[in-house]
Amino acid sequence: MKKLVLLLLCVSSIATAQSTLKLKSATPIEGEDAGYSLENSPNTNWILKSVKALESLDTTAYKSFYAPEVKFHDNQETKNLTQNIGFLIALKSNGISVKFERVAPIWEYVHKTKNMSSTDHYVISYQNAVLTKGDKTVKVVINAVDLMKEGKIKEEWLVYDTAGILSLFN
């Protein structure tokens, strides 16, 4: 699974470098495993809605997007939903606001295993967030990969620079 996530991160980096190319709906990918990419899907829309809930720092709304047993991998640190919500509470209680300038590119990769017995749905996105406390603003680019199962986010991998965010807590 880790190899697949690393592969998806590499693919997403290449896609960013070729950002002038537009993803085509249901583009088949050849190889031992099979899959295709979707530029727009119910899952990409789900992620965009979850970003809006994060912006509002509404923990109840935010939790509704995730499976109860979701695993978060924040810069390779594994967390559960309660720990993730704790970070949102810390932002709010410290007077830090969150705004996403854009979430793009964003696409869904539908992966079918070698034997075609199962399908995994990953939403890959680059999220440009602005965190503000008083007159201090920090911009953060977040690389996100979300595993979707049964209409919820089941697992999430995030890579971003934490230094600027932590400076807002001083």
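Cut-off values and rules
The written sequence of each chain sets the order in which its residues are numbered from 1. For a predicted model such as this one, the threshold for reporting local features is a pLDDT of at least 70, and the threshold for listing and counting side-chain atom pairs is 80 or more; totals across whole chains, interfaces and linings nevertheless cover every residue. Hydrogens and waters are ignored; side-chain quantities use all the structure's heavy atoms. By definition, any uninterrupted DSSP run of H or I lasting at least four residues is a helix, any uninterrupted run of E lasting at least two residues is a strand, and each is numbered from the N terminus. Note on exposure labels: buried denotes an accessible area under 20% of the residue type's maximum, exposed denotes more than 50%, and partly exposed covers the range between, all computed with a 1.4 Å probe on protein chains only. The criterion used for residue contact is that any of the two residues' heavy atoms lie within 4.5 Å. We get accessible surface area from the Shrake-Rupley algorithm with a probe of 1.4 Å; when it comes to residues, only the shown protein chains can shield them. DSSP bridges decide pairing: two strands pair if at least two such bridges lie between them. For this analysis, a polar contact is any N or O atom pair within 3.5 Å, provided that within protein one partner can donate a hydrogen and the other can accept it, and provided that sequence-adjacent residues contribute only side-chain to side-chain pairs. Whenever a carboxyl oxygen of Asp or Glu lies within 4 Å of a side-chain nitrogen of Lys or Arg, that contact is scored as a salt bridge. Two aromatic rings, drawn from Phe, Tyr or Trp (for Trp, its six-membered ring), form a pair once their centres lie within 6.5 Å of each other, and the interplanar angle then sorts them: stacked below 30 degrees, edge-to-face above 60, tilted otherwise.

With that settled, the discussion passes to the overall build of the chain. A count of helical and extended segments in the chain gives five helices and eight strands. The N-to-C order of helical and strand elements in the chain reads α-β-β-α-α-β-β-α-β-β-β-β-α. Residue burial in the chain is summarised as follows: out of 170 residues, 42% are buried. Counted over contacts in the chain with a minimum sequence separation of 6, partners at least 24 positions apart contribute 59%. As displayed, the chain offers around 9700 Å² of accessible surface, 57% of which is attributable to carbon and sulfur atoms.

Moving on, we get to the pairing of strand β6 (residues 119-133). Regular strands place side chains that alternate from one sheet face to the opposite one. By the criterion of burial, β6 is predominantly enclosed, with 11 of the 15 residues buried. For strand β5 (residues 97-112) and β6, the ladder comprises 13 bridges, and the chain directions are antiparallel. Looking across to β6, one finds that R102 is bridged to N128. Relative to strand β7 (residues 136-149), β6 runs antiparallel, the two being bridged by 13 bridges. Paired with V123 across the strands is D146, a residue of β7. Counting the residues between successive antiparallel strands, the hairpin from β6 to β7 contains two residues, one of them, G134, with a positive phi of roughly 65°.

You can see W46 is positioned in helix α2 (residues 42-56). Each C-alpha atom of the pair W46 and F65 lies 7.5 Å from the other, and the pair is 19 residues apart in sequence. Here W46 is in contact with S64, F65, M148, G151, K152 and I153, once residues within four sequence places are set aside. Polar side-chain contacts of W46 include one of 3.1 Å to the backbone oxygen of F65.

What follows covers the pattern of salt bridges. Within the structure shown, the criterion is met by six salt bridges. E55 serves as the salt-bridge partner of K52, at 3.4 Å between the closest nitrogen and oxygen. Taken together, the residues K52 and E55, both in helix α2 and three residues apart, mark about one turn of the helix. For E55, a relative accessible area of 14% translates into the label buried.

Our next topic: the packing of aromatic side chains. Applying the stated criterion to the full structure yields five aromatic pairs. When the ring of Y122 is compared with that of W157, the centres are 6.4 Å apart and the planes differ by 45°; the resulting orientation is tilted. Here Y122, found in strand β6, pairs with W157, found in strand β8 (residues 152-159); they are 35 residues apart in sequence, far enough to count as distant. For the residue pair Y122 and W157, the accessibility class agrees, reading buried in each case. Feature note: the residues Y62, Y66 and F72 constitute an aromatic cluster, connected by ring pairs.

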